[in-house]
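Chain and residue survey
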Protein chains: 4
Amino acid sequence: MSSIFEGFLSTPEVMQAFGDHSFVEAMLGFEAALARAQAKCGLIPEPAAQSIVGTCKVELFDVDKIVRESARSGSLAIPLVKCLKETVGLFNPSAVPFVHYGCTSQDTIDTAMAMVTSKALAAVEADVKRSATALLTLAHRYADTPILARTLTQPASVTSFGFKCVGWAAPLLRSLDRLRVCAPRALKLQLGGTVGTLDRMNGEAEEVISLMAKDLGLSRPVSCWHNQRDEWVALGCELGLLTGSLGKIAKDLVWMSQFEVGELAEPIERGRGGPSNMPHKHNPVASMVALVAAQRVPQRVAALLASMPQEHERALGAWQAELAEWPVLLMSTHGSARAMAGALPYLKIDAARMGANLAAMRATLSSEAAQEWFDPALAARAGDLTRAQLALVNWSEATNLAPAT
Amino acid sequence: MSSIFEGFLSTPEVMQAFGDHSFVEAMLGFEAALARAQAKCGLIPEPAAQSIVGTCKVELFDVDKIVRESARSGSLAIPLVKCLKETVGLFNPSAVPFVHYGCTSQDTIDTAMAMVTSKALAAVEADVKRSATALLTLAHRYADTPILARTLTQPASVTSFGFKCVGWAAPLLRSLDRLRVCAPRALKLQLGGTVGTLDRMNGEAEEVISLMAKDLGLSRPVSCWHNQRDEWVALGCELGLLTGSLGKIAKDLVWMSQFEVGELAEPIERGRGGPSNMPHKHNPVASMVALVAAQRVPQRVAALLASMPQEHERALGAWQAELAEWPVLLMSTHGSARAMAGALPYLKIDAARMGANLAAMRATLSSEAAQEWFDPALAARAGDLTRAQLALVNWSEATNLAPAT
Amino acid sequence: MSSIFEGFLSTPEVMQAFGDHSFVEAMLGFEAALARAQAKCGLIPEPAAQSIVGTCKVELFDVDKIVRESARSGSLAIPLVKCLKETVGLFNPSAVPFVHYGCTSQDTIDTAMAMVTSKALAAVEADVKRSATALLTLAHRYADTPILARTLTQPASVTSFGFKCVGWAAPLLRSLDRLRVCAPRALKLQLGGTVGTLDRMNGEAEEVISLMAKDLGLSRPVSCWHNQRDEWVALGCELGLLTGSLGKIAKDLVWMSQFEVGELAEPIERGRGGPSNMPHKHNPVASMVALVAAQRVPQRVAALLASMPQEHERALGAWQAELAEWPVLLMSTHGSARAMAGALPYLKIDAARMGANLAAMRATLSSEAAQEWFDPALAARAGDLTRAQLALVNWSEATNLAPAT
Amino acid sequence: MSSIFEGFLSTPEVMQAFGDHSFVEAMLGFEAALARAQAKCGLIPEPAAQSIVGTCKVELFDVDKIVRESARSGSLAIPLVKCLKETVGLFNPSAVPFVHYGCTSQDTIDTAMAMVTSKALAAVEADVKRSATALLTLAHRYADTPILARTLTQPASVTSFGFKCVGWAAPLLRSLDRLRVCAPRALKLQLGGTVGTLDRMNGEAEEVISLMAKDLGLSRPVSCWHNQRDEWVALGCELGLLTGSLGKIAKDLVWMSQFEVGELAEPIERGRGGPSNMPHKHNPVASMVALVAAQRVPQRVAALLASMPQEHERALGAWQAELAEWPVLLMSTHGSARAMAGALPYLKIDAARMGANLAAMRATLSSEAAQEWFDPALAARAGDLTRAQLALVNWSEATNLAPAT
């Protein structure tokens, strides 16, 4: 029931993660964890918790109805909690008052969002690692292969293809490093109760938070983040940076794979990249996906940043805008990461053509100028730099990448 | 298979219009119209056209498969045409070469986009008219009702509530006027063939275009618009302006419906606007939806504008980014228009509270200052302006609005 | 006192128009026109008006001080009016109470903004006409010159260079057409008084508005637009569309002027486009300026749209954000228009290279495929379309363009 | 020579930092440091270096001319280097070939940008600390003061004003923490030579880089970052987050300082926040500045992210767009930080009114509901949380903040 166009720009797993079924399941996961923790702390009766936990199974719910009713209440959690109470009531009416106890809608929604984002992020990281590995391997192999270096789109001098590859890889490795810091800060439990003070938890709030965070595999928040979204949006920014770095690679690939340049090409797959009746067409569709993401994601990040001033204890409009923008950010990011991970290991590299373009450029110049700026031997310097940078990669620890052998 | 969060921020009809089923249906509608027109012009055999037209029924196709395969080809039209050829081939193999004859993927996709947008836009306009009518009715009724005028959020002087209402209505009427001009320019057939020259149409291109445009209820393009998107994006801008004007109304409603201000309230519906356990909560959720749209839509418009520089005869990345951003723009716009149309006719107006707030302000000032700036009689001037503006509304012709009686 | 980087991305005249001196001059122009009109209507004494008008000369004011003090008051008009009263008081103390009579800061600022924008817009339009003329001339000349048509960056078939040129020109002509409609709606007097009701004008408001609008060369508003900005922002959107269309041209120029493609080049000027020590570098800097604008302007438009929900009778934050974004929008737009107007008439076209690239593509294919998709004769169809579109241009009336002879 | 509107939205020091004089000075600082380092490494003769260093004084240059000529060359560094060579040539012609030796324009510009940004950032951080200190002091003082907690703009329950304050402070402290990590990664020397390989440095590149970085007080880059901008744009994102967090504070202040709410007010200064003829107006202009920044900065960040895909070894368009967007980002950020730092320590808090609003809410409810949701005693729980969070602040080390006594 949404735009048909995300299909070829994202991935099934991330679209699924933010789909109705998965999100309702995550919200139920939150409610179950809450009941478990509150029972452990004596806040609600153990039998009530058992009924609630036993009922928190997505198969028991009419997911479509919950989504449909969210339009009336302006919140996904309100119909979820209502349905959960009704269903718990069928089995154990005395447990009903303990459903969603001391909690607020935003607790459920934000936590569920962190849960599904966590899955999506793991998929992103795995694909980025595949791309980085592929690029480092290419860097090693083509460290000394001369190629025109182009500034402001015009030939400027000589570099090596390997140096370009290590340049593409470096920001991916940095993104992985930074994600290791900022993801745990963002992927944390939300639990504040009505207005952020957890006033119904009878002094057990800290313990409930600890138990739930552990149960759900999320970080333990220092305080609730209902209306202070900086650590959450910081993760969004980080994904924006990653998509930008992937877009840089894609853009270079496209420029280099023009017919007239011909220095490389995306792998050819049957049924991919061209209409069947045009045998000469070989469209760089993986790069296209990454470029689309690089063009769309900045607008998503802007929307997240613009939604940060959230008035009072829970915003009207700004929070909901943030919620709606977030999934598309992840979808685009993974679309890009997956597309590049699928293309980079299988690039068709044409080193001869690189040399030919360089020679063609030399041929237009006086021999002096040709020698000063376009001596193929200049690639050696680029090769040395490439090797120096490859040596800095901490293959095993830092990125779990396989070394480029 | 998309974000769960659009559900309460958009409307079923627009989400459906851009959903898989509806869009594939529209693409098939394009292919059928093409075959009909080409047969009429003698470009393809009449029996082939009959087979193609007869096959262009969405029920005959596996929509999910087409969407799934779009991920490989990077285009929705490629698998659509492939499936259409296969299905036509089952009934009439000799018609297969005449499927999608002389056409390109972008012809199919852009035209289908115009078709579904046309439907969505009609829904938007209908709801905007409902809002405008409601506001003009309020303007008439409350033309002379004094209310604090506030600048930079602080009381500045006196106006009338009717004057506020006519001020809210005016940009909606202007939006409807402008849409009447720019929508037909945007909602036009796309037909250019591989590179925009329709070189396979044997001199019948103009006639094919005329027939198809008429058949599909779209405008006849002066030229194909594969890579020149200004008139299309202009419609997007117009929706941005509309959403901004609706957002202005929503923002004022929210400020005025604060507990401490209390000058009006959104209509109360059971199950809407508040959790069941908090009887005191009456959240302005219609305004919320309009504010969310006003916050998200500018980013969509930015994305459309940023995608305008589309290289060569069909862009890689920019076109596809535009396609993906477009549906959400319509979804948000109609979400906003529908929410306001649902709330404005039923607003609870508290004229006494308006007067009380004004009196409270007067009470803080010297009598001289109170009289200079906060004399309730100042509302009369606002009332006269309100009536003057109401007199300008061309109720029947310009907007098909019912007069405010 | 602002960023050094606008210098090479904008133009002196637009930067000047929004500079301190020019803007203060425009605000004084507003105050003088107000006094003149109010005296004519008997609202203020004629001698007072004469003193005010005589004092509204920018040379009499310490512009830097006004700008500096705006930081304290949060408004440019507050220190302007204060200084104006002081200066009027030196010559004619009895006139002081009639300075800025019945007016509000926003009246002064918005009107001044419309005045300086009007000048900037005239400069934009003149340069767009130069570009359009140049492109139509090229379209005429190269109507039948074969060139590779490229889709998704890969050769797809054949078109003509003239067809590309008329495709570049068409949206510029459409922009000029649309500006003729939307500019007068935007460039209008602002006059509402404290809260939009002009309650101090003693029934003479309509007459004051008419006189002032005529005096200042602006449109007469139907109502004040303090907090309803749709017609103003609509002009901003229009500039966004124009910049996008110019960016499309620039992008194509850059792709076509790559060393390996070589189908055209920006004109070479001494000292332009390359460091002196690299004789081989010929950077397309005019295209660069247009591309920068096409990348920045969408964000400006987004900011304008996002600022539309302006609460109550004058917004806190949203209005001021709009004011600050507006000048950069005009600066970028004219930077782009000027750069293209400077480059397009002097493009170096290499028709032979266009042919050679086409031949090279043919050489990679079977003769059958080469003939089907890359027959140079396909350019004739593009030529016919080019001529048909050139015939539609209303050279004299519609655009004041000289016909392409 | 730029928009008059930045004046009241930014600060003199940051506008100056990115002004013509300061930026040319920074570029000269780069050239001097380069000469010093290269002489030390034996790459250029010591006397040449002395001549160059001695000439790199901004007073010796016609700054306006350099800026003016940048419009022709499309780069600030090209006219700078040209003028520098001319001026060096007047004193020591033999030194001319050693000016800007082995370097490229982007080295000069990016490094100068890092230098002036470093200054601007120090100003931002100082003001954020002032704000954080003020808020923590308020948090301490009002830890137990009851106030309505509002969700979706409607009263929801009770919190304490101190808890709101510590909630405002926390993201500022986190911003300072994150800046400590990301600023050094961004504020680094750029030195790559023509195409990033420093091929003219004869094996001394590493040493030259180390010397220059130390000399200029910048970080030492692992590799040149000509076309990989992630660490630079990451700083931009961080400023976006900071501005968002400041905007949250400002928004709450505005809502709370409405006449009808009256729970606090910005400090009153003579000549600030209101026209002299309206004694009742007390506009929250500091909040206005922060809100304007929070509305504009997301668009700046989007522009930076969108500019990340920079083709080849130096981008045409994307790099220059980034350069132009960057200064306004810093200007807005510091405008916001300064405005809040000027207002927060002097806020007028009206605890009685907080209590009165709470009482008014209670009065509308049944006593049971009033007690359940609006018992003033609920503030105690918020107070405990406030104290717990204050205890976590590492006053001396982490932020150099004075403890709230």
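Okay, so let's go over this structure. (Residues numbered from 1 in each chain as written. Chains lettered and ligands numbered in written order. Predicted model: local features only at pLDDT ≥ 70, side-chain atom pairs only at ≥ 80, totals over all residues. Heavy atoms only, no water.)

The final tally for this structure, using the stated rule, is 26 aromatic pairs over all chains. Note on Phe161(D) and Trp168(D): the rings are 6.0 Å apart at their centroids and 80° apart in plane angle, and the pair reads as edge-to-face. Here the two residues Phe161(D) and Trp168(D) agree in accessibility, since each one is buried. Among the aromatic residues, those joined into a cluster by ring pairs are Tyr142(A), Phe161(A) and Trp168(A). When the ring centre of Trp373(D) is taken as reference, the NZ or CZ atom of Arg200(A) above it lies at 4.5 Å. (Phe/Tyr/Trp six-rings, centres within 6.5 Å; stacked < 30°, edge-to-face > 60°. Buried < 20%, exposed > 50% of the residue type's maximum accessible area, 1.4 Å probe, protein only. Lys NZ or Arg CZ within 6 Å of the ring centre and 35° of its normal.)

All names here are of chain B. Within strand β1 (residues 146–151), 5 of the 6 residues are buried, leaving the element largely enclosed by the surrounding structure. In the sheet, β1 pairs with strand β2 (residues 154–160) via 6 bridges, with the strands oriented antiparallel. Within β2, the residue paired with Pro146 across the bridge is Ser160. Connecting the antiparallel pair β1 and β2 is a turn made up of 2 residues, with Leu152 showing a positive phi of about 50°. (Helix = DSSP H or I, 4+ residues; strand = E, 2+ residues; numbered from the N terminus. Pairing = 2+ DSSP bridges.)

Overall, the coordinates contain 108 salt bridges over all chains when judged by the stated rule. Asp127(A) is the partner of Arg130(A) in a salt bridge, and the nearest nitrogen-oxygen pair spans 2.9 Å. With Arg130(A) and Asp127(A) both in helix α6 (residues 105–141) and 3 residues apart, this pair spans about one turn of that helix. Judged by its relative accessible area of 40%, Arg130(A) falls in the partly exposed class. Residue Asp127(A) is classed as buried on the basis of its relative accessible area of 2%. Ionic pairing is found between Arg338(D) and Asp127(D), a salt bridge with its closest N-O pair at 2.9 Å. Within this pair, whereas Arg338(D) is found in helix α11 (residues 318–343), its partner Asp127(D) is found in helix α6 (residues 105–141), the two being separated by 211 residues in sequence. By relative accessible area, which is 29% here, Arg338(D) ends up partly exposed. It is possible to trace a salt-bridge network through shared partners that takes in Glu6(A), Arg296(A), Arg300(A), Glu325(A), Glu6(B), Arg296(B), Arg300(B) and Glu325(B). (Salt bridge = Lys/Arg side-chain N within 4 Å of Asp/Glu carboxyl O.)

By themselves, these are just geometric observations and shouldn't be taken as functional.
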